[in-house]
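Report on the structure
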Amino acid sequence: MGPLGRSLVLVVAAALPSAVWLAQGPDLLTDDFGHTLAYRDHGLWGGLIDRSFESTGRPLVGLYYLLTFGLIGDHPAFHAVVLGVLNVALVIAVWYVGRRVLDPRVAWFAALFVALLPNRDSTRLWFSTGNYVLATMLVVVGFGLLASGNRPRSASATFLVAVLLFEGVAGLVGGLLALWMYHRRDRWVTGILVGLPGVLA
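In what follows, the accompanying structure is described. (Residues numbered from 1 in each chain as written. Predicted model: local features only at pLDDT ≥ 70, side-chain atom pairs only at ≥ 80, totals over all residues. Heavy atoms only, no water.)

1. Quick look at the packing of helix α3 (residues 61–70) against helix α7 (residues 130–147)
Going by this rule: Angles here are taken between N-to-C directions and fall from 0 to 180 degrees, while the axes themselves are lines fitted to C-alpha atoms, restricted in helices to the stretch in contact. Only runs of H or I of at least four residues qualify as helices and only runs of E of at least two qualify as strands under DSSP, and these elements are numbered from the N terminus. Crossings are classed by handedness, with left-handed meaning an anticlockwise turn of the near helix from the far one by less than a right angle and right-handed meaning a clockwise turn. Contacts between residues were defined by any pair of non-hydrogen atoms, one from each residue, lying within 4.5 Å. Each residue receives one of three labels: charged for Asp, Glu, Lys and Arg, nonpolar for Ala, Val, Leu, Ile, Met, Phe, Trp, Tyr, Cys and Pro, and polar for the others, Gly being one of them.
Running from amino to carboxyl end, α3 crosses α7 at an angle of 115°, the nearest separation of the two axes being 10 Å. For α3 against α7, the interelement crossing comes out right-handed. Contact residues: Val61, Tyr64 and Tyr65 in α3; Gly130, Asn131 and Leu134 in α7. Looking at side-chain class alone, the contact of α3 with α7 contains four nonpolar, two polar and no charged residues.

2. Section: helix α8 (residues 152–165)
Put simply, the rule is: A helix's residues, less one, multiplied by 1.5 Å, set its expected span. Partly exposed describes any residue whose relative accessible area lies between the buried limit of under 20% and the exposed limit of over 50%, with all areas from a 1.4 Å probe on protein chains only and scaled to the type maximum.
Here α8 spans 20 Å end to end across 14 residues, near enough to the 20 Å set by a 1.5 Å rise per residue. For α8, the complete set of buried residues consists of Ala155, Ser156, Thr158, Phe159, Ala162, Val163, Leu164 and Leu165.

3. Observations regarding empty space enclosed by the protein
Cut-off, in case you're wondering: Using only the protein atoms, space was sampled on a 1 Å grid; points where a 1.4 Å probe fits but cannot get out form cavities, open sets with protein on both sides within 12 Å along at least five of seven lines form pockets, and lining residues are those with an atom within 4 Å of a point. Grid points are joined across faces, edges and corners, and a volume is the space filled by probe spheres set on the points.
Applying the stated criterion across every chain, the model contains one cavity of 30 Å³ or more. If you add up the space inside the largest cavity, you get close to 30 Å³. If you trace the largest cavity, you find it lined by Tyr64, Thr68, His79, Val82, Leu83 and Phe127. Mapped onto the lining of the largest cavity, the elements with two or more residues apiece are α3 and α4 (76–101). It is α4 that contributes the most residues to the lining of the largest cavity, three residues altogether. Each residue belonging to the lining of the largest cavity can be placed in one class, and the counts come to four nonpolar, two polar and no charged.

4. Overview of the pattern of salt bridges
Rules: Salt bridges are identified by distance alone: a Lys or Arg side-chain nitrogen within 4 Å of an Asp or Glu carboxyl oxygen.
By the definition in use, this model includes five salt bridges. The closest approach of N and O atoms between Arg51 and Asp50, which form a salt bridge, is 2.5 Å. Looking at Arg51, the relative accessible area reads 10%, which means it is buried. Ionic pairing is found between Arg105 and Asp103, a salt bridge with its closest N-O pair at 3.4 Å. Relative accessible area serves as the criterion here: at 56%, Arg105 is assigned to the exposed category. In the salt-bridge network here, residues are joined through shared partners; they are Asp50, Arg51 and Glu54.

In structure tokens, the structure reads:
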């Protein structure tokens, strides 16, 4: 299978759950209603402030919700498309970055594993978790910038944005930095400086 075929398999695997949800007639779930009402009741600016400070560990989530619940509102079909696109972007990022540090076949299977990972229904069907997927994708992109060798500042900024979107990715940032610094003392200072803003956030 060539690169195009591999890409198509990953795209289909990543998008399929959200696409099936879309075809079945999706609906808002639990927190989705609260986010929609926040922007409906307080307007775009008021909703942005309200959602940004609802969870103190993720101040940038209000901006993400502004671009989804604020602008899309209570139209589940559009939310399902956004979630499908985010999942595709995450899997393609894993494959693209993985090929820089792993054997291409290993990178592809790793990306396929992420696409098919069990217990991910929440990030395929629950619109409020789109920031989780986006944050994870940003961590992968940040690692790619760092692994390229010349973009530590860009990597640090990307990691910081990811952590401010969803604090749960901080462990992933730490793990990838540890992997990057492993057995390379010349990288320790850079790795610590790159990760420091995210830790302090």
